[in-house]
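Structure assessment
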Amino acid sequence: MIRSRRHMGGRPRNSTPTPSNTRRNDGAKTPDLEATRIRTAQVSRLLAEAWPDAHVELDHQDAYQLVVATILSAQSTDKLINTVTPALFARYPDASALAQADQLELEKLVAKTGFFRMKAKHLIGMAQAVVQRHGGVIPNTMDELVALPGIARKTANVVLGSAMGINAGIVVDTHVSRLAARLGLTVHTDPVKIEQDLMVLLPQDEWTSFAHRLIWHGRRVCFAKKPDCDHCTLVPVCPSAFAPVQPKASPRAKWNQKQKPAAARPAAKPAAKKAAAPAKKKQLAAKKKPASKPPRA
Ligand code: SF4
């Protein structure tokens, strides 16, 4: 019998997530959903008062430009991307022009943004797919967008929400991940699971604006290393207000940890054994020594 992925418990990559607050099987604590919903509404209201005009900070005129800018923004800052895109959009004004770009020429144009070879490859691949599959027009559904090279849920959510006014999901970037955790709106670290949790907690028509406001708050007040709780409007509803920030493990330490599963790591010597080791060493050394000659009479 052929069984679908759904019946096997799997979920296709990038498909619409199901709420994880209500159905968790990973051992994580299930928060009181209704109480968290009420607190999320308070967070949302306070954020709206603080940042009524929060918007995506990548300069763009249309969906095509926002797709390009968002792909470039990976591991970079919006400010830097905004210095690169004017020349890029002048040279490649639409997907048809970008689809025919010379890889080396494009790499030079986006070199400042980091990972420029991969980004140039993704940009050309994305543009060619848009031309071939969608007649040069950026598609307006999550499934069609995430099927394009270089586009995952986060980019698709940015484009759908900010260029098309469609609340298909919630943008989860580094700021949203950090603030959602500090505000106690998720217990997860995986962006897809964080998005699922937030989607359950918020009305759909707030998904895009809430993410923008959280990102603005993360950039301007709730900094990664030193959150400015003294000047934060969310103090009354934030369980992490004035709490010390846990230092983050370095990427190298995380990598090392991943390489060595617990079973493969050498087991630490038990304390008693450790203490007994020098004594045993002495005994062995004494045995090896030739017996001293008896004194001459
Ligand atoms: S109270 Fe502090 S930790 Fe909480 S959101 Fe505000 S700045 Fe961040």
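The structure contained in this document is the topic of the report that follows. (Residues numbered from 1 in each chain as written. Predicted model: local features only at pLDDT ≥ 70, side-chain atom pairs only at ≥ 80, totals over all residues.)

Some thoughts on the site of the ligand
In the vicinity of the ligand there are 13 residues, among which Cys-222, Pro-227, Cys-229, Cys-232 and Cys-238 approach most closely. Grouping the amino acids of the shell around the ligand by side-chain chemistry returns ten nonpolar, one polar and two charged. (Near = placed C-beta within 6 Å. Nonpolar A, V, L, I, M, F, W, Y, C, P; charged D, E, K, R; others polar.)

Focus: the environment of Leu-179
Counting through the fold element by element, Leu-179 comes out in helix H9 (residues 174-182). On the neighbour-count criterion, Leu-179 (25 C-beta atoms within 10 Å) is buried. Leu-179 sits 59 residues away from Cys-238 along the chain, and the two C-alpha atoms are 9.7 Å apart. Contact partners of Leu-179, with chain neighbours within four places excluded, come to Leu-214, His-217, Gly-218 and Cys-222. (Helix = DSSP H or I, 4+ residues; strand = E, 2+ residues; numbered from the N terminus. Buried ≥ 20, exposed ≤ 12 C-beta atoms within 10 Å, placed from the backbone. Contact = placed C-beta atoms within 7 Å.)

Remarks on the packing of H9 against helix H11 (residues 207-220)
At a minimum axis separation of 8 Å, H9 and H11 run at an interaxial angle of 85°. Put simply, H9 runs roughly perpendicular to H11. Taking contact as the criterion, the partners of His-175, Val-176, Arg-178 and Leu-179 in H9 are, on H11, Ala-211, Leu-214, Ile-215, His-217, Gly-218 and Arg-219. (Axes fitted to C-alpha atoms, helices over the stretch in contact; angles between N-to-C directions. Parallel < 35°, antiparallel > 145°, perpendicular 65-115°, else oblique.)

What to know about the environment of Ala-101
Structurally, Ala-101 can be placed in the loop between helix H4 (95-99) and helix H5 (103-110). For the pair Ala-101 and Leu-123, spaced 22 residues apart in sequence, the C-alpha to C-alpha distance is 9.3 Å. With residues near it in sequence (within four places) discarded, Ala-101 still touches Tyr-92, Leu-106 and Ile-124.

Here we look at unusual backbone geometry
Leaving glycine out, the prevailing phi sign among residues is negative, and the prevailing peptide bond configuration is trans. Phi is positive for Gln-75, which is not a glycine, with a value near 60°. Relative to the assigned elements, Gln-75 resides in the loop between helix H2 (63-72) and helix H3 (78-91). Of note, Phe-242 is a non-glycine position whose phi angle comes to about 65°, a positive value. With respect to the secondary-structure elements, Phe-242 resides in the loop between H11 and helix H12 (251-259). When the 10 C-beta atoms within 10 Å are taken as the criterion, Phe-242 is described as exposed.

Topic: helix H8 (residues 153-163)
The buried fraction of H8 is high, at eleven of eleven residues. All of the buried residues in H8 are Arg-153, Lys-154, Thr-155, Ala-156, Asn-157, Val-158, Val-159, Leu-160, Gly-161, Ser-162 and Ala-163. For H8, the secondary structure elements touched by its buried residues are H2, helix H7 (142-146), helix H10 (191-201) and H11.

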